Amino acid sequence: MIKVGVLGAKGKMGAQTCLAVEEAADTELVARLDQGDELDELTRAGAEVVVDFTRPEVVMDNLAWCIAHGIHAVVGTTGFDEERLATLRTQLEANPGTGVLIAPNFSIGAVLMMQFAAQAARYYESVEIIELHHPDKVDAPSGTARRTAELVAAVRREAEAGPIPDATTTALEGARGADVDGIRVHGVRLRGLVAHQEVLFGDEGETLTIRHDSMHRTSFMAGVLLGVRSIGTAPGLTVGLEHFMDLS
Ligand SMILES: NC(=O)C1=CN([C@@H]2O[C@H](COP(=O)(O)OP(=O)(O)OC[C@H]3O[C@@H](n4cnc5c(N)ncnc54)[C@H](OP(=O)(O)O)[C@@H]3O)[C@@H](O)[C@H]2O)C=CC1
Ligand SMILES: O=C(O)C1=N[C@H](C(=O)O)C[C@H](O)C1
């Protein structure tokens, strides 16, 4: 049995994670912590793996504490840039037995969508991303959209692709979305949605749209459990659930 603590346990994802950990045959929920609770409860409860679904502004402090105490972490919280990842790498070097997984999206379909987008990226002149989420989401663009843009941009750089065509010379602020690594990302917030994304590719005479929809938060749980089961044997920093999936 893997002993698991959940941070953000009263939140939408944390609550779903507690259920999944309780239901799985090989995991045991030993701590459920939320805003205001002491992290020491994790060591008292003997947590081996922590799952963090909190907020971008608190996740780095949570991870510093977990790494210092040798507790592996599986992280769904968004807000990670290169600077934050570099900080984690440094902290993990000082605690070499500990593993941290940063997963922008735990849904298997969303991971595949990102991989397919990276595969398609070298073949199209144009690409833009539309992410669509529930209106209670506090960050924009989504972590998934940022990661997708970074993956697509890396492939385009490697392929020495030219600039994405766009004749816009005047625009209202925000009309062309955010620029993430040179890729335009548009955000929609709509009651009734959960988590959705379209990656649009275009070239002369054709377009390709890759779309993924999470209709319920249960869609993330297989990936969360895969992370929990895998992180103990993956010391250091892992970015992206795809590293624990057999995609070959
Ligand atoms: N990687 C993935 O697959 C997914 C990632 N996410 C990401 O996960 C994060 C959480 O999403 P969601 O569950 O919808 O958000 P919620 O706001 O529903 O939940 C966050 C919870 O964390 C609590 N919290 C805040 N600070 C702390 C702290 N210091 N210690 C412990 N708990 C704390 C909040 O309390 P309070 O409300 O009082 O602040 C709240 O209960 C977001 O960054 C979201 O983007 C979401 C879905 C999937
Ligand atoms: O806040 C959410 O809901 C989600 N957050 C993650 C993100 O920002 O990409 C993952 C998923 O899109 C749901």
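Numbers given for residues are sequential positions, taken from 1 along each chain in its written order. Written order determines the labels here, with chains lettered from A and ligands numbered from 1. Local features are withheld for residues below a pLDDT of 70 in this predicted model, meaning they are given only at 70 or higher, and side-chain atom pairs are given and counted only at 80 or more; totals for whole chains, interfaces and linings count all residues. Each side-chain value is worked out from all heavy atoms of the structure, with water and hydrogens disregarded.

In the annotation of an unreviewed UniProt entry, the chain is listed under the name 4-hydroxy-tetrahydrodipicolinate reductase and assigned to Kribbella hippodromi. UniProt positions are given in the numbering used here, feature names are shortened, and annotations may be inferred rather than shown by experiment. Recorded under Subcellular location (unreviewed entry), the UniProt text for the chain is reproduced unchanged: "Cytoplasm".

Which parts of the structure should I look at to understand the overall build of the chain?
Working definition: helices are DSSP H or I runs of at least four residues, strands are E runs of at least two. Numbering for both runs from the N terminus. Of regular secondary structure, the chain possesses 7 helices and 11 strands. Radius of gyration means the value over C-alpha atoms here, while the globule rule gives 2.2 Å times the residue count to the 0.38 power. What you see for the chain is a C-alpha radius of gyration of 19 Å, in line with the 18 Å of a compact globule of 248 residues. Counting only C-alpha atoms, the chain reaches 60 × 40 × 35 Å along its principal axes. Any residue under 20% of the maximum accessible area for its type is buried, any over 50% is exposed, and the rest in between are partly exposed; the area is computed with a 1.4 Å probe on protein chains only. Counting across all 248 residues of the chain, residues that qualify as buried make up 50%.

What exactly am I supposed to notice about the confidence of the model for the chain here?
Any region with low pLDDT has predicted coordinates that should not be read closely. Along the chain, pLDDT gives the predictor's confidence residue by residue, from 0 to 100. A residue-level look at the chain finds 100% of positions with pLDDT of 70 or above and a mean pLDDT of 97. Quick note on the complex model: pTM equals 0.96, ipTM equals 0.99.

How should I be thinking about the site of ligand 2 in this particular structure?
Near ligand 2 you find Thr-78, Pro-104, Asn-105, His-133, His-134, Lys-137, Ser-142, Gly-143, Thr-144, Ala-195 and Phe-220, and these make up its full shell. Under the rule applied, a polar contact is a pair of N or O atoms within 3.5 Å (in protein, one hydrogen donor and one hydrogen acceptor; residues adjacent in sequence only if both atoms are side-chain atoms). Interatomic distance of 2.8 Å between a backbone N/O atom of Gly-143 and an oxygen atom of ligand 2. Measuring from an oxygen atom of ligand 2, one finds a side-chain N or O atom of Thr-144 at 2.5 Å. What sets the accessible areas is the Shrake-Rupley method with a 1.4 Å probe; for residues, cover comes only from the shown protein chains. Here ligand 2 has 320 Å² of accessible area as a free molecule, and 84% of this is covered by the chains. Lys, Arg, Asp and Glu make up the charged group, whereas Ala, Val, Leu, Ile, Met, Phe, Trp, Tyr, Cys and Pro make up the nonpolar group; the residues left over, Gly among them, are polar. Residue composition of the shell around ligand 2, by class: 3 nonpolar, 7 polar and 1 charged. Proximity criterion: a residue is near a molecule or strand once any of its heavy atoms comes within 4 Å of it.

Explain the pattern of salt bridges here, please?
Close approach of charged atoms allows side chains with opposite charge to pair. Any Lys or Arg side-chain nitrogen located within 4 Å of an Asp or Glu carboxyl oxygen qualifies as a salt bridge. The final tally for this structure, using the stated rule, is 14 salt bridges. Here Lys-3 makes a salt bridge to Glu-28, at a shortest N to O gap of 3.5 Å. Of the two residues, Lys-3 is situated in strand 1 (residues 2-7) and Glu-28 in strand 2 (residues 27-33); the sequence distance between them amounts to 25 residues. We classify Glu-28 as partly exposed; its relative accessible area is 32%. The shortest N-O distance in the salt bridge between Arg-44 and Glu-41 comes to 3.5 Å.

What is the right way to look at the environment of Asp-37 in this model?
With respect to the element layout, Asp-37 can be found in the loop between strand 2 and helix 2 (40-44). Reaching out from Asp-37, the side chain makes a polar contact with the backbone nitrogen of Asp-34 at a distance of 2.7 Å.

How do you make sense of the packing of helix 3 (residues 56-68) against helix 4 (residues 82-93) when you look at a structure like this?
Axes are the key here: two packed helices are described by the angle between their axes and the distance separating the axes. Comment: axis = line fitted to C-alpha atoms, over the contacting stretch for helices; angle = value between 0 and 180 degrees taken between N-to-C directions. One can describe the packing of helix 3 onto helix 4 by two numbers: an axis separation of 10 Å at closest approach and a directional angle of 10°. Taken together, the axis directions place helix 3 and helix 4 in an arrangement best described as roughly parallel. As helix 3 packs across helix 4, the resulting crossing turns out to be right-handed. When helix 3 is examined against helix 4, the residues Pro-56, Val-59, Met-60, Leu-63, Ala-64 and Ile-67 are found in contact with a partner set consisting of Arg-84, Thr-87, Leu-88, Gln-91 and Leu-92. Residues belonging to the contact of helix 3 with helix 4 are distributed by class as follows: 8 nonpolar, 2 polar and 1 charged. Put simply, angles under 35 degrees are roughly parallel, angles over 145 are roughly antiparallel, angles from 65 to 115 are roughly perpendicular, and the rest are oblique. Here a crossing is called left-handed whenever its near helix is offset anticlockwise from the far helix by less than a right angle, and right-handed whenever the offset is clockwise. Throughout, a residue-residue contact means that at least one pair of heavy atoms, one from each residue, lies within 4.5 Å.

It is not clear to me how the site of ligand 1 should be interpreted in this structure. Could you clarify?
In the vicinity of ligand 1 there are 21 residues, among which Lys-12, Met-13, Thr-78, Ala-103 and Phe-106 approach most closely. Separating an oxygen atom of ligand 1 from a backbone N or O atom of Lys-12 is a distance of 2.9 Å. One of the backbone nitrogen or oxygen atoms of Phe-106 is found 2.8 Å away from an oxygen atom of ligand 1. Considering ligand 1 on its own, with 920 Å² of exposed area, one finds that the protein chains cover 81% of that surface.

Quick question: what am I supposed to make of the sheet that holds strand 10 (residues 206-214) here?
Strand pairing within a sheet occurs via backbone hydrogen bonds; the two strands may be parallel or antiparallel. Should DSSP find at least two bridges between two strands, the strands are taken to pair. Spatially, 5 strands are ordered 7-8-6-9-10 in an open sheet, and the strand pairing comes out mixed. Either end of the sheet is taken by a strand with one partner, and the two such strands are strand 7 (178-180) and strand 10. When the angles between neighbouring strand axes are averaged without regard to direction, this sheet yields 25°. The sheet contacts of helix 5 (residues 108-120) involve strand 9 (195-203) and strand 10, and relative to strand 10 the element is tilted by about 165°.

Just to check I follow, could you spell out the pairing of strand 10 for this structure?
Regular strands have side chains that alternate between both faces of the sheet. Relative to strand 10, strand 9 is paired through 9 bridges, and the arrangement is antiparallel. The residue bridging Phe-201 from the neighbouring strand is Leu-208, located in strand 10.

What exactly am I supposed to notice about the packing of aromatic side chains here?
Remark: the centre distance and the inter-plane angle together describe each pair of aromatic rings, the angle taken between the planes. Pairing of aromatic rings covers Phe, Tyr and Trp, the last through its six-membered ring, and needs centres within 6.5 Å; plane angles under 30 degrees mean stacked, over 60 mean edge-to-face, and all others mean tilted. Scanning the entire structure with this criterion turns up 2 aromatic pairs. Measuring from ring centre to ring centre gives 5.7 Å for Phe-53 and Phe-106, while their planes differ by 70°; the resulting arrangement is edge-to-face. One end of the pair, Phe-53, is in the loop between strand 3 (49-52) and helix 3; the other, Phe-106, is in the loop between strand 5 (99-102) and helix 5, and 53 residues separate them in sequence. By the burial criterion, Phe-53 is buried, and Phe-106 matches it. Taken together, a centroid distance of 5.5 Å and an interplanar angle of 40° make the contact between Tyr-124 and Phe-201 tilted. Here Phe-201 lies in strand 9 and Tyr-124 lies in the loop between helix 5 and strand 6 (126-133), a separation of 77 residues in the sequence. Phe-201 carries the same exposure label as Tyr-124, and that label is buried. Placement of a charge over a ring requires the Lys NZ or Arg CZ to be within 6 Å of the ring centre, with the centre-to-atom vector within 35 degrees of the ring normal. For the cation-ring pair, Arg-84 lies above Phe-80, with the distance from its terminal atom to the ring centre recorded as 6.0 Å.

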